[in-house]
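# Topology and contacts: notes
Letter by letter, the chains look like this.
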Amino acid sequence: MVALLALFIVAGHGYDIWQQREHWPFSFYPMYGRVQKRRTLQILALYAIVPNDTPGAKKKWQMVRVTDGKYVPPLNEVRIRNILMAAWGRDGATGRAQRATEAVLRDYLNLYEARRLKQLHDGPPMLEARLCRMTWRVRNGATRQKPESVESLMGVRADGKVIPYARRAAATMAASTQPDALDAAPDPNEKPPPPPDDNDESDDAAPNNG
Amino acid sequence: MMQHQTTVESSLRRFWFGPQGAETLGFARLVFFALMIWFYFPLDYAPWGGLTPAFANRPLFAFRILHLPIVSETTLGILQFVWRASLVTACIGLFTRTSVIVAALLGFYVLGVQGNFGKVGHGEGILILAMCILALSRCGDAWSIDSLIRAFRSRDPIGQRNRPISGEYRWPIRMIWLLMSMIFLGAGITKLRWSGLDWITTDNLSTTILSHYYNQPVGNEWKSTIGIWIANHRTLCKVVAGLTILIEIGFPLAMFSRWARAVLVPSAFLAQVGIYVMMGVAFTQFMFVYVFWIPWDTLGRFVRRIAQRRGKYEMLYDGGCGLCKGVASVVVRLDVFGRVEPMDVVHRWKEIAARHPNLTREQCLTDMHVVRPDGVAVSRFIAYRNLAWALPVCWPILPLLYIPPIPSIADRIYQYVATHRHDAGCEIA
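For clarity, every value in this text was computed on a predicted model and none was experimentally measured.

### Here we look at the overall build of chain B
- Along the backbone of chain B there are 21 helices and six strands.
- A principal-axis box enclosing the C-alpha atoms of chain B has dimensions of 80 × 60 × 50 Å.
- Expressed as a percentage of the 429 residues in chain B, the buried residues total 51%.
- Taking the contacts inside chain B whose residues are at least 6 apart along the sequence as the reference set, 77% of them involve residues at least 24 apart.
- Here chain B has roughly 19800 Å² of accessible surface; of this, 66% comes from carbon and sulfur atoms.

### A word on the overall build of chain A
- Tallying secondary structure elements over chain A gives five helices and five strands in all.
- Secondary structure elements in chain A, listed N-terminal to C-terminal, are α-β-β-α-α-β-β-β-α-α.
- Per-residue burial over chain A gives 48% buried out of 210 residues.
- If you take every contact in chain A between residues at least 6 apart in sequence, the share linking residues at least 24 apart comes to 57%.

### So, the environment of Pro25(A)
- In this structure, Pro25(A) sits in the loop between helix H1 (2-19) and strand S1 (40-51).
- A residue is classified by how much of its surface remains accessible, and Pro25(A), at 10% relative accessible area, is buried.
- Taking the C-alpha atoms as reference, Pro25(A) lies 8.9 Å from Gly12(A); in sequence the two are 13 residues apart.
- Pro25(A) has contacts with His13(A), Phe108(B), Gly125(B), Ile128(B) and Leu129(B), leaving out every residue within four places of it along the chain.

### Topic: the interface of chain A and chain B
- With 75 residues of chain A in contact, the opposing surface of chain B contributes 74 residues.
- Between chain A and chain B the total buried area reaches about 6900 Å² when both faces are included, carbon and sulfur atoms providing 65% of it.
- Ranking the residues of chain A by area buried against chain B places Trp24(A), Tyr29(A) and Tyr32(A) at the top, with a combined share of 13%.
- Applying the counting criterion to the chain A and chain B interface returns zero salt bridges.
- Counting across the interface, chain A meets chain B through 18 residue pairs in polar contact (both at pLDDT 80 or more).
- Mapped onto the side of chain A that touches chain B, the elements with two or more residues apiece are H1, S1, helix H2 (77-88), helix H3 (95-117), strand S3 (128-137) and helix H5 (202-205) of chain A.
- Of the residues forming the side of chain A that touches chain B, the biggest block, ten residues, is contributed by H1(A).
- Here the residues of the side of chain A that touches chain B are counted per class, giving 39 nonpolar, 17 polar and 19 charged.

### A look at the sheet that holds strand S4 (residues 149-157) of chain A
All names here are of chain A.
- Reading across the sheet, the five strands line up as S2-S1-S3-S4-S5 and stay open at both edges, with antiparallel pairing between neighbours. Because the sheet does not close on itself, it has two edges, and the strands there are strand S2 (61-65) and strand S5 (162-163).
- Inspection of the sheet shows S1 paired to S2 by five bridges, in the antiparallel sense. Its bridge partner lying in S2, Pro51 is registered against Trp61.
- Contacts between H2 and the sheet are confined to S1, S2, S3 and S4, with S1 contributing the most and set at about 105° to the helix.

### A word on the pattern of salt bridges
Residues and elements named next belong to chain B.
- Summed over the entire model, instances satisfying the criterion amount to 20 salt bridges over all chains.
- A salt bridge links Asp203 to Arg234; the nearest nitrogen and oxygen atoms lie 3.1 Å apart. Linking Asp203 in the loop between helix H9 (198-201) and helix H10 (204-212) with Arg234 in helix H12 (residues 234-250), this pair joins segments that are 31 residues apart in sequence.
- For Arg234, a relative accessible area of 28% corresponds to the partly exposed category.
- A single salt-bridge network, built from bridges that share partners, covers Glu314, Glu341, Arg348, Glu351 and Arg355.

### Some thoughts on the packing of aromatic side chains
Residue and element names in this part refer to chain B.
- With the rule as written, the count across this model stands at 27 aromatic pairs over all chains.
- Measuring from ring centre to ring centre gives 4.9 Å for Phe39 and Tyr40, while their planes differ by 80°; the resulting arrangement is edge-to-face.
- Residue classification places Tyr40 among the buried positions, given a relative accessible area of 0%.
- Between the NZ or CZ atom of Arg84 and the centre of the ring of Phe41, over which it lies, the distance is 5.4 Å.
- Over the face of the ring belonging to Tyr402 we find Arg385, whose NZ or CZ atom lies 3.9 Å from the ring centre.

### Observations regarding the sheet that holds strand S6 (residues 377-379) of chain B
Residue and element names in this part refer to chain B.
- If you trace the four strands from one edge of the open sheet to the other, you get S4-S3-S5-S6, paired in mixed fashion. Each edge of the open sheet carries a strand with a single partner, namely strand S4 (340-344) and S6. Neighbour-to-neighbour, the strand axes of the sheet open up by a mean angle of 25°, direction not taken into account.
- With three bridges connecting them, strand S3 (residues 313-317) and strand S5 (residues 369-371) associate as antiparallel partners. What sits directly across from Leu316, in S5, is His369.
- Sitting on the sheet, helix H17 (residues 322-334) is in contact with S3 and S4, with an inclination near 160° to S3.

### Concerning H1(A)
Residue and element names in this part refer to chain A.
- Compared with an ideal rise of 1.5 Å per residue, which puts 18 residues at 26 Å, H1 spans 25 Å between its outermost C-alpha atoms and is within 8% of the ideal.
- Every buried residue belonging to H1 is among Val2, Leu5, Ala6, Ile9, Gly12, His13, Asp16 and Ile17, and all of these are buried. Angular distribution of buried residues about the axis of H1 spans 135°; they occupy a single face of the element. In H1, the exposed positions angled more than 90 degrees off the buried face are occupied by Ala3, Leu4, Leu7 and Trp18.
- The first or second residue beyond H1 is Gln20, which carries a positive phi of 55°.

### Remarks on the side chain of Gln98(A)
All names here are of chain A.
- Within the secondary structure layout, Gln98 lies in helix H3.
- Its relative accessible area of 10% is what places Gln98 among the buried residues.
- For Gln98, the side chain forms a polar contact with the main-chain oxygen of Gly92, separated by 2.6 Å.
- Residues within four places of Gln98 in sequence aside, it is in contact with Trp88, Gly92, Met154, Pro164 and Arg167.

Scoring rules and cut-offs
- Residues numbered from 1 in each chain as written.
- Chains lettered and ligands numbered in written order.
- Predicted model: local features only at pLDDT ≥ 70, side-chain atom pairs only at ≥ 80, totals over all residues.
- Heavy atoms only, no water.
- Helix = DSSP H or I, 4+ residues; strand = E, 2+ residues; numbered from the N terminus.
- Buried < 20%, exposed > 50% of the residue type's maximum accessible area, 1.4 Å probe, protein only.
- Contact = heavy atoms within 4.5 Å.
- Areas by Shrake-Rupley, 256 points an atom, 1.4 Å probe, with all protein chains shown as cover.
- Buried area = accessible area lost by both parts, 1.4 Å probe.
- Salt bridge = Lys/Arg side-chain N within 4 Å of Asp/Glu carboxyl O.
- Polar contact = N/O pair within 3.5 Å; in protein donor to acceptor, adjacent residues only side chain to side chain.
- Nonpolar A, V, L, I, M, F, W, Y, C, P; charged D, E, K, R; others polar.
- Pairing = 2+ DSSP bridges.
- Axes fitted to C-alpha atoms, helices over the stretch in contact; angles between N-to-C directions.
- Phe/Tyr/Trp six-rings, centres within 6.5 Å; stacked < 30°, edge-to-face > 60°.
- Lys NZ or Arg CZ within 6 Å of the ring centre and 35° of its normal.
- Expected span 1.5 Å × (residues − 1).
- Arc of directions from axis to C-beta.

The analysis is restricted to geometry; functional conclusions fall outside its scope.
Here is the structure:
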């Protein structure tokens, strides 16, 4: 029995290490495995479009980053980001990615609103749930925490309408003036970026997040 | 050739089944589950059952092939309750085998559920596998209520001193070492396969540390001056990166070499603490498994030596009374410092009389007596209260035993039990 158990543990982990695939509770432990050469950081985030109650404000709505897990527990900021990253994939180009992202945004908005109407949280009404991509330039000293750009990728409104911002942008600005402008001279031979969560162990970062 | 084969076989046998006391495994089990209780009790997993399928967009392989559904919030709440209860019973060692099996099986589900939502957590996998190993072991033979019940039933206080030694207590610990070694080895190989030596020789670590300060949940930000300082010293980052790979790849050596163990295990632990200090990434759950690397028996011997300098308590019990022998057996079992010497009044009276001429046999057979290290003899409830000083498990309640009217009530209970003990199966009056 002991030999079988040892074989099970070695084979389980060995297979995952060999195949570089995850079969929980076995794993090949990929965290921080991919070398980070570029000094830019791109992260997906969930934004909420909510009414702007500021007196004298020009816009009737404002865009707020959803950072609190109280709106739809247990989805804290890190977890909803991971879910959105899993749905969106590398670039959200496929129909499947679009549908998966749309479903996540729609369900988040519905759960948020349902809980708000039951007064389970004190957030403002959500007009639209929007997936955005934030970009930072990594600086020595990690100064300037504010992202250098926030790019809308997809939104789902309260009436169910889906707005594919990324596709629209791609169609109208064919050559791209916008998103990855921070990378002054991207290497044409460079491999596409890894799936966003390969280096992200931040879920474990939040102490009581499990 | 034949001889070589025999040597390898005997080495393997010694590695897995070399004789070992039950204490290390039992105490490691207790600490391991206590840490799990501390970590997981404040967390509520039930709300995962209230989310829609759209969020569960990364189903775990195990959930997929076993066709495990994400159950409702209520059902998950019930499963979580049973799981927590099993953690408690596994920790205190009550129905240990069953408790650990339930803890492993339900833990697999309850902790696994969240892994279907976007990202799998790496802290839980090792816990599940460690619990599976413990479920197959005899980890409840020491430091458990089960062992106290067995001691009481044995009615053999002297026999409790002879703790069992067997290879059954060695292989579970070695198996957990193997598990941890595979994990570190996997992490090291993955880094080298994905990035090669670039992981060490480029500014990778510096960028990784700095990037992490941007990639943090609002309200739980982590910015460490030490982390920034290290990130700004590129050569130091390369040295740290090199050492990290070395520790990870070399970790399996810790299984076989005492020297490697003394270096690699604390290094890996400190490396994980270092990641927390630099980046705020905590490997809390993962770190629970380090308790199986601690030589608790050696530490125990050291503490026992110090504790025994404070003298011994002689416990004089009625060796003709089943109840008295049962209680004395439990006391000896709880006496982890070896400060209580059980003395059977029926069979060792001559020795007792020689040591303590002021005591009479009748007195000692009527009431339980304890002779303190200072030579003073006390009896009845006071005797038990004095014994409590020698038994660490009693220390939390020790102050209560001095608060009136607890001593008088306890003494009456003692008197009632003592006068009725012969009705409950004592061999002689």
